[in-house]
Amino acid sequence: MAACASFAKLNALSSSQWIGHQSFSQRPSRLSSPHRISFSVRAAAGFSDELVQTAKTIASPGRGILAIDESNATCGKRLASIGLDNTETNRQAYRQLLLTTPGLGGYISGAILFEETLYQSTTDGKKFVDCLKEERIVPGIKVDKGLVPLPGSNNESWCQGLDGLASRSAEYYKQGARFAKWRTVVSIPCGPSALAVKEAAWGLARYAAISQDNGLVPIVEPEILLDGDHPIERTLEVAEKVWSEVFFYLAENNVLFEGILLKPSMVTPGAEHKEKVSPETIAKYTLTMLQRRVPPAVPGIMFLSGGQSEVEATLNLNAMNQSPNPWHVSFSYARALQNTVLKTWKGLPENVEAAQRSLLVRAKANSLAQLGKYSAEDEGEEAKKGMFVKGYTY
């Protein structure tokens, strides 16, 4: 609550002020004072070189992130879809399938884990963290504590988890994690209000600074939800405002840009918009937003799939890599890597190898998309099915 209280002092606008409908925050000029201004730069508690190297390793050519950081409740929903109970044994079996896939490190550079998974081992007693390291995959950890209603907003949410984050991050580092993830969301149908955007940006910035102080590369993820019937132009408008605010507060908190990664939503129309657009159009709008808002010092852009079908997410990524970008443009997918895998496995031990082959197929497809060399010609119908769920929660 202390973090929330301190942030409240930053909020200069009523929550009823919506982006794109009334003026956004107006900050006083810092150049009007005749006095000399001095700046202090935080040294990330001595981890600067390691943070930069970790970020570069994750943002390596032809590789991206496997996100398996779903909460136990969300993982339970996935297991229920194939008739399995939500038990630790079943969660461990599924995550073991994913994390012990031979050759996965050829396409995957990082894996985001839930806290339970970070401390788990295979049935043979080998730590999952060690399984990843053998494949040259950097272990990561989800550190936020989920979304809760944001008082004073337009039925929006804020992300909790700053309390105790420093001590938890230090323990995660000891366990082998080298990067972190914090997901907050912005809803276009709900406005979004200036209050919600400021809260999201400030929370991400505080989390990023705390993570770097404890040796973890922070993934910065303000997810702009697909919910809504708005056109792609509206998504672009909101995305630009959100990322402008995020980078303002990242700078205010002296976050080392070379030691972070971004996990943005692609700029698309709302999921309920009547007109669909091509991957080339999505690439054009998304890259326009990134070029306007993201400094080239940031090493990697690792897109979330956000409910797109496996093929849609891969086609859109491929379209963005048809010409050079200032940053490594890649993926950090959960459902868009796992959907076919889960349905192939069905919870049966005899299907493990087939499910792992399915994971490699999807990982390789997105690896090719990161290199701009993907083709959807041989994709099956299952991979083309959309996975958008209105009001989806992790």
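Quick caveat: nothing in here was measured; it's all calculated off a predicted structure. (Residues numbered from 1 in each chain as written. Predicted model: local features only at pLDDT ≥ 70, side-chain atom pairs only at ≥ 80, totals over all residues. Heavy atoms only, no water.)

> Is there a simple way to explain the packing of helix α11 (residues 310–320) against helix α13 (residues 352–370) in this structure?
In a packed pair of helices, the relevant descriptors are the angle between the two axes and the axis-to-axis distance. For the pair α11 and α13, interaxial distance at closest approach is 7 Å and the crossing angle is 20°. When the interaxial angle is binned, α11 and α13 end up roughly parallel. In the packing of α11 onto α13, the handedness of the crossing is right-handed. Mapping the contact onto sequence places E310, T314, L317 and N318 in α11 and R362, A365, N366, L368, A369 and Q370 in α13. Residue classes in the contact of α11 with α13 are distributed as 4 nonpolar, 4 polar and 2 charged. (Axes fitted to C-alpha atoms, helices over the stretch in contact; angles between N-to-C directions. Helix = DSSP H or I, 4+ residues; strand = E, 2+ residues; numbered from the N terminus. Parallel < 35°, antiparallel > 145°, perpendicular 65-115°, else oblique. Left-handed = near helix turned anticlockwise from the far one by under 90°. Contact = heavy atoms within 4.5 Å. Nonpolar A, V, L, I, M, F, W, Y, C, P; charged D, E, K, R; others polar.)

> Got a minute to help me understand the sheet that holds strand β9 (residues 300–303) in this structure?
Hydrogen bonds between backbone groups are what pair the strands of a sheet, and the pairing can be parallel or antiparallel. With parallel pairing, the 8 strands of this closed barrel are ordered in space as β1-β2-β3-β6-β7-β8-β9-β10. As paired strands, strand β6 (residues 179–186) and strand β7 (residues 217–224) are joined by 8 bridges and run parallel to one another. Directly across from A180, in β7, lies its bridge partner P218. Sheet contacts for helix α12 (residues 335–345): β1 (64–68), β2 (108–113) and β10 (328–333); angle to β1, the most-contacted strand, approximately 60°. (Pairing = 2+ DSSP bridges.)

> When you look at empty space enclosed by the protein in this model, what are you seeing that I'm missing?
In this approach the atoms are scanned with a rolling probe the size of a water molecule, which exposes any empty space left behind. As enumerated under the stated definition, the model contains 4 cavities of 30 Å³ or more in all. Approximately 50 Å³ is the volume attributed to the largest cavity. Forming the walls of the largest cavity are E223, I224, L226, S265, M266, T268, L304, S305, G306 and Q308. Across the lining of the largest cavity, the residue classes break down as 4 nonpolar, 5 polar and 1 charged. (1 Å grid on protein atoms, 1.4 Å probe; cavity = no way out; pocket = protein on both sides within 12 Å on 5 of 7 lines; lining within 4 Å. Points joined across faces, edges and corners; volume = space filled by probe spheres on them.)

> For this particular structure, what's the right way to read the packing of aromatic side chains?
Centre distance and the angle of the planes are the two values used to describe a pair of aromatic rings. By the definition in use, this model includes 8 aromatic pairs. Summarising the aromatic geometry, the rings of F247 and F257 are spaced 5.3 Å apart at their centres and angled 85° between planes, so their arrangement reads as edge-to-face. Residue F247 is located in helix α9 (residues 232–252), and its partner F257 is located in the loop between α9 and β8 (261–262); the two are separated by 10 residues in the primary sequence. Each member of the pair F247 and F257 is classed as buried. When the ring of F331 is compared with that of Y333, the centres are 5.5 Å apart and the planes differ by 40°; the resulting orientation is tilted. Relative accessible area serves as the criterion here: at 0%, F331 is assigned to the buried category. Feature note: the residues W202, F248 and Y249 constitute an aromatic cluster, connected by ring pairs. (Phe/Tyr/Trp six-rings, centres within 6.5 Å; stacked < 30°, edge-to-face > 60°. Buried < 20%, exposed > 50% of the residue type's maximum accessible area, 1.4 Å probe, protein only.)

> Even after reading the chapter, I still don't get the environment of P299, so can you show me in this structure?
Note that P299 resides in the loop between α10 (279–293) and β9. Sequence spacing of P299 and H328 is 29 residues, and the spatial spacing of their C-alpha atoms is 6.1 Å. When residues no more than four places from it in sequence are discounted, the contact partners of P299 are A55, A59, F257, E258, I260, L261, W327 and H328.

> I'm lost on the pairing of β10 in this one. Help?
Look at any regular strand and the pattern is simple: side chains alternate between the two faces of the sheet. Within β10, 6 of the 6 residues are buried, leaving the element largely enclosed by the surrounding structure. On β10, burial covers both faces: H328, S330 and S332 on one face and V329, F331 and Y333 on the other are all buried. Relative to β10, β1 runs parallel, the two being bridged by 2 bridges. Considered in β10, the bridge of L66 is made with Y333. Pairing of β9 with β10, which is carried by 4 bridges, proceeds in the parallel orientation. Pairing of M302 across the sheet is with S330, part of β10. One crossover worth recording links β9 to the parallel β10 by way of α11, and it is right-handed. (Right-handed = clockwise from strand over helix to strand, strands pointing away.)

> What should I look at first to understand the confidence of the model for the protein chain in this one?
Caution applies to low-pLDDT regions: their predicted coordinates should not be interpreted in detail. When pLDDT is averaged along the protein chain, the result is 89; 85% of the residues meet or exceed 70. Confidence over residues 1–16 falls short of pLDDT 50; this stretch has 22 contacts with residues more than four positions distant or in other chains. The low-confidence segment residues 21–33, where pLDDT is below 50, has 19 contacts with residues more than four positions distant or belonging to other chains. (pLDDT = per-residue confidence, 0-100.)

> Can you walk me through the packing of α10 against α11 in this structure?
α11 packs onto α10 with a crossing angle of 60° between their chain directions and a minimal axis gap of 8 Å. The angle between α10 and α11 places the two elements in the oblique class. Taken as a pair, α10 and α11 cross one another with a handedness that is right-handed. The segment α10 lies against α11, with P279, E280, I282, A283, T286 and L287 engaging L315, N316, A319 and M320. Residue classes in the contact of α10 with α11 are distributed as 7 nonpolar, 2 polar and 1 charged.

> Just checking my understanding: could you explain unusual backbone geometry for this structure?
Apart from glycine, the bulk of residues carry a negative phi angle, and the bulk of peptide bonds sit in the trans form. Along the chain, G191 connects to P192 via a cis peptide bond; the corresponding omega equals -15°. You can see P192 is positioned in the loop between β6 and α8 (194–213). For N155, which is not glycine, the phi torsion reads 60° and is therefore positive. You will see that N254, though not glycine, has its phi angle at about 55°, which is positive. Tracing the chain through its elements places N254 in the loop between α9 and β8. What makes N254 partly exposed here is its relative accessible area of 28%.

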